[in-house]
Amino acid sequence: MKVPLLDLRAQYGPIREEIIGAVMEVLEAQRFILGPKVAELEEQVARYSEAKWGIGVSSGSDALLVSLMALDVGKGDYVITTPYTFFATAGAVARLGATPVFADIDPRTYNIDTDKIAGAAKKIPKGRLKAIIPVHLYGQCCDMDAVMDIAGELGAAVVEDAAQAIGARDGKDRPAGSVGDAGCFSFFPSKNLGALGDGGMVVTSRDDLKEKLAMLRAHGSSPKYFHKIIGGNFRLDTIQAAALSVKLKHLDLWSEKRRENANLYNMLLTDAGAPVKTPYIKKGFRHIFNQYVIRAKDRDGLMGFLKEKGVGTEVYYPLPMHLQECFGYLGCRQGDFPESEKAAKETLALPVYPELDVEAIGYVVERIKEFYT
Ligand SMILES: *Cc1c(COP(=O)(O)O)cnc(C)c1O
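Residues numbered from 1 in each chain as written. Predicted model: local features only at pLDDT ≥ 70, side-chain atom pairs only at ≥ 80, totals over all residues. Heavy atoms only, no water.

Visitor: How would you explain a negative patch on the surface if you had to name every residue and give the values?
Guide: On the surface, a cluster of negative charge is contributed by Asp-115, Asp-143, Asp-149 and Glu-153. Here Glu-153 shows up in helix H6 (residues 144-154). (Patch = residues over 30% accessible without salt bridge, like charges linked within 9 Å, V, L, I, M, F, W, Y side chains within 5 Å. Areas by Shrake-Rupley, 256 points an atom, 1.4 Å probe, with all protein chains shown as cover. Salt bridge = Lys/Arg side-chain N within 4 Å of Asp/Glu carboxyl O. Lys, Arg positive; Asp, Glu negative; His and termini not counted. Charge placed at Lys NZ, Arg CZ, Asp CG, Glu CD. Helix = DSSP H or I, 4+ residues; strand = E, 2+ residues; numbered from the N terminus.)

Here is the structure:
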């Protein structure tokens, strides 16, 4: 049996006609940049996220970048975030000439430990902390009340990296991306809402930020050819918007299936008695399982064994940000963020995509059992 980590063809099959129809419409209209299709998706994603505005952008990475630009983050500024995330989170900060400052994760959720944010802020010169970027890793929201409280105390803006969390909800039933000053989504094909290539969106309920974000994604112009601020080309393609509008209608069902798959894994893995830790779900939170991540004894051995048995897995992420070569100038060392370092060595993502069937999940669990016996 072969169980890939992700099978996008299984998702495409049942919606093929719809997607082709939407793409054809754009081809027939020959209108490829912004226009009503992008505006429509922006409205749909804003509504879905219970935010006032959506601004379609070229990727999740650019969503983070333009959000920080809109908040005037630049040289001499500092931004607190987690070291255990995809590179783009810290990369966006550094690209603007600002300095990322890390706070370690809660080992249960893998999200930033909000009790460690104040400590991180102490390392920052007074008045220079501009923003905090909580990352809703794997599809489970951070403790946003705690993040907003501490951000308020420190006078920092909050940009939610919700790249993996569209449709997730926190303990107060608030959608990912709706609580901070801005929320950033990625439509990278492997995310829960994936485009036919790259794409992203920023949601915000702040009118001032919306205006600025819309300008920034089009070289800071308003109107065209009159540049108020320096932006870039960070637009979302019309073809992507058309396909995403089709897919958005299916998103809740897909996320529900991911949740069911995760539940089944939890049950079967617990019954199997294997030395693996199933994901911790905070009470009252809606985890949408962009990734189903376990902690496993002899993770690398298990990963190799599963590969031999035809099961695709992945390590998200093998090296925390503070130990990346490109961030050497920050002067962090091994041991600075022990929970992130430990998670990088112990975690493994198993296939959890919506179309995965019960037999496949059973097969994966049986192989895990086999490895440990
Ligand atoms: C995917 C991802 C991004 C970047 O999104 P892209 O669309 O690939 O640029 C940023 N942060 C996190 C946590 C991600 O998972």
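On we go from here.
Visitor: Outline the pairing of strand S1 (residues 53-57), listing residues and values.
Guide: Most of S1 sits inside the fold, with four of its five residues counted as buried. The pairing of S1 with strand S7 (residues 200-204) spans five bridges and is antiparallel. When the bridges of S7 are listed, Ile-55 appears paired with Val-202. (Buried < 20%, exposed > 50% of the residue type's maximum accessible area, 1.4 Å probe, protein only. Pairing = 2+ DSSP bridges.)

Visitor: So, the domain arrangement of the protein: which residues are in play, and what are the values?
Guide: One can read the domain layout of the protein as domain 1 (8-248) and domain 2 (251-372). The gap between the C-alpha centroids of domain 1 and domain 2 is 24 Å. If you look at the interface, domain 1 gives 44 residues, while domain 2 gives 35 residues. The contact between domain 1 and domain 2 buries some 3600 Å² in all, and 60% of this surface belongs to carbon and sulfur atoms. The interface formed by domain 1 and domain 2 contains zero salt bridges. Breaking the side of domain 1 that touches domain 2 down by element, the ones donating at least two residues are helix H1 (8-29), helix H4 (87-95), strand S3 (99-102) and helix H8 (238-248). Broken down by element, the side of domain 1 that touches domain 2 gets its largest block of residues, four residues, from H4. In the side of domain 1 that touches domain 2, the residues fall into 24 nonpolar, twelve polar and eight charged. (Domains from an automatic or database assignment. Contact = heavy atoms within 4.5 Å. Buried area = accessible area lost by both parts, 1.4 Å probe. Nonpolar A, V, L, I, M, F, W, Y, C, P; charged D, E, K, R; others polar.)

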